[in-house]
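# Survey of secondary and tertiary structure
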Amino acid sequence: MVLDKLSDSLTGVIKKITRAPFIDEKLVKEVVRDIQRSLLVSDVNVRLVMDLSKRIEERALQQKAIAGLTKKEHVIKVVYEELISLLGEKQDYHLPTKTRVMLIGIQGSGKTTTSVKLAKFFSKKGLRPFIIAADTYRPAAYDQLLQLAEKANVKVYGEPEGKDPVKIVESGLEKAAHADAVILDTAGRHKSEEELFREMKELAQRFRPDEKLLVIDSNLGQSAGKQAAAFHKAIGLTGVVLTKLDGSAKGGGALSAVAETGTKIRFVGLGEGIDDLEIFDPERFVSRILGLGDLRGLMERAQEHVDEEKVRDILKGDLTLDALRDQIKAIRNMGPLGNILKMIPGFSMMSMPEGATEMTEEKMDRFLYIIDSMSRKERADPKILNAHRINRIARGSGTSREEVKELLNYHRTMKKALKGFKKGRFKGPLAKMMRGMR
Ligand SMILES: Nc1nc2c(ncn2[C@@H]2O[C@H](COP(=O)(O)OP(=O)(O)OP(=O)(O)O)[C@@H](O)[C@H]2O)c(=O)[nH]1
Ligand SMILES: [Mg+2]
């Protein structure tokens, strides 16, 4: 996982909020202190941390919760929003049909790896990528790129013995005439920093990139900000790729420091593999490190799939097997159940009936077959099922007696859990959504 330690401690903070019997000044202060500690440990700048925690405290205590949110949800929302603002705005990455991306950065930052990851990213979007290998300093740079690119099935131009990167770019562009996205991998070492800047400017003049992305190692922590600022001033960047965010203890520092310089974080590298690249989206990112899962994604998908009226019916009346089937179907459309539950604030921390979160898609399908094999009367009132009918249903649905019983058990457990919800432990739109999931 990304930023494991930070994530663990911030998830702990959210747990503290959801578990507290009530929200008062003492709790908010405690929560703020916990957040400060978590961020400082992951190397976020002290001043940023202080500003942020002051805002969280003020808003949590003074701002009124918006209609429909409980006090707890309000505090979680404040923490979530303030962390997002620490990481800057989301940068949309538009994919033009023809694009040229130049990767810049000091040695070992991850340029070559990122060039292949990006190529893969483009080809997943249906564009034909092409990489030009213009690093004439690193020994065997071309071979390294070639090996990686083969894994991704991407074409590369390079000159193993070449000494003139500008000429390589020129020849490479000729070979790349049919490509939609041309990526330029450059050198990371040089006689001096000035020389490196000079070479990059020259290459940019010749290559005419749409994007000049600086590749930075997250392990630099707060110094990542300084590096971004220096390169931006010298070369004029369009964005930054932060690599090695997986397992970097200083990831929080790198992210916030770069965001603070105003240079946009475009992508994050999350591993050595060619698929370990993500568009950087602060909202999704913060949800994840808070253990809230993908909150916004869930909101969108929940709206698509959960029929409001059915939810209301369930809440009004009993959870019939018909209703359960609709719910399983809705969940089935959204993806693995555990993931969905993780997306709901507070939910992952709540005690769930044993096994309820572990239902696989296969199991959901089998449950659906079973329900479909029952008569309408049985679905409305499963208590009328006897051993004989259970056998028939098992045979009719291609499952076993045990599975039919398992479903009936599951149904009873869910019904009971739902009653708990209805008693009003959770209120507001999020709670409504949670109920919708049941
Ligand atoms: N864990 C992890 N390792 C990465 C990531 N990106 C790159 N690396 C590793 O970092 C090392 C350096 O990566 P390169 O892509 O060769 O870096 P470079 O910037 O091209 O380096 P030079 O060519 O020497 O300038 C390699 O071992 C990569 O596997 C990442 O996101 N996560
Ligand atoms: Mg390289």
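Below: a short report on this structure. (Residues numbered from 1 in each chain as written. Chains lettered and ligands numbered in written order. Predicted model: local features only at pLDDT ≥ 70, side-chain atom pairs only at ≥ 80, totals over all residues. Heavy atoms only, no water.)

Turning our attention to the nonpolar core. Grouped together as the largest cluster of nonpolar side chains are 70 residues, with contacts concentrated most on Ile35, Leu83, Leu242 and Leu255. Here this core spans two domains, and each of domain 1 (4-87) and domain 2 (99-289) adds at least three residues to it. Leu242 has contacts with Ile216, Ser218, Ala254, Leu255, Val258, Ile265, Phe267, Val268 and Gly269, leaving out every residue within four places of it along the chain. (Core = buried A, V, L, I, M, F, W, Y, C linked by side-chain atoms within 4.5 Å. Buried < 20%, exposed > 50% of the residue type's maximum accessible area, 1.4 Å probe, protein only. Domains from an automatic or database assignment. Contact = heavy atoms within 4.5 Å.)

Here we take up the packing of aromatic side chains. We describe a pair of aromatic rings using the distance from one ring centre to the other and the angle between the two ring planes. Summed over the entire model, instances satisfying the criterion amount to five aromatic pairs. Ring plane angle 45° and centroid distance 5.7 Å describe the contact between Phe367 and Tyr410, whose orientation is recorded as tilted. Within this pair, whereas Phe367 is found in helix 16 (residues 361-372), its partner Tyr410 is found in helix 19 (residues 401-425), the two being separated by 43 residues in sequence. The same class applies to Phe367 and to Tyr410, which are both buried. Here the basic side chain of Arg100 rests over the ring of Phe207, its NZ or CZ set 5.8 Å away from the ring centre. (Phe/Tyr/Trp six-rings, centres within 6.5 Å; stacked < 30°, edge-to-face > 60°. Helix = DSSP H or I, 4+ residues; strand = E, 2+ residues; numbered from the N terminus. Lys NZ or Arg CZ within 6 Å of the ring centre and 35° of its normal.)

Scanning all chains against the criterion turns up 27 salt bridges. Across the pair Glu82 and Arg59 runs a salt bridge whose closest N-O atoms are separated by 2.9 Å. Within this pair, whereas Glu82 is found in helix 4 (residues 71-87), its partner Arg59 is found in helix 3 (residues 46-62), the two being separated by 23 residues in sequence. The pair formed by Glu82 and Arg59 is uniform in burial state, with each residue classed as buried. Asp180 is paired through a salt bridge with Arg128; the nearest N and O atoms lie 3.2 Å apart. One end of the pair, Asp180, is in the loop between helix 7 (165-175) and strand 4 (181-185); the other, Arg128, is in the loop between helix 5 (111-124) and strand 2 (129-133), and 52 residues separate them in sequence. For Asp180, a relative accessible area of 11% puts it in the buried group. In the salt-bridge network here, residues are joined through shared partners; they are Arg55, Arg59, Lys77, Glu81 and Glu82. (Salt bridge = Lys/Arg side-chain N within 4 Å of Asp/Glu carboxyl O.)

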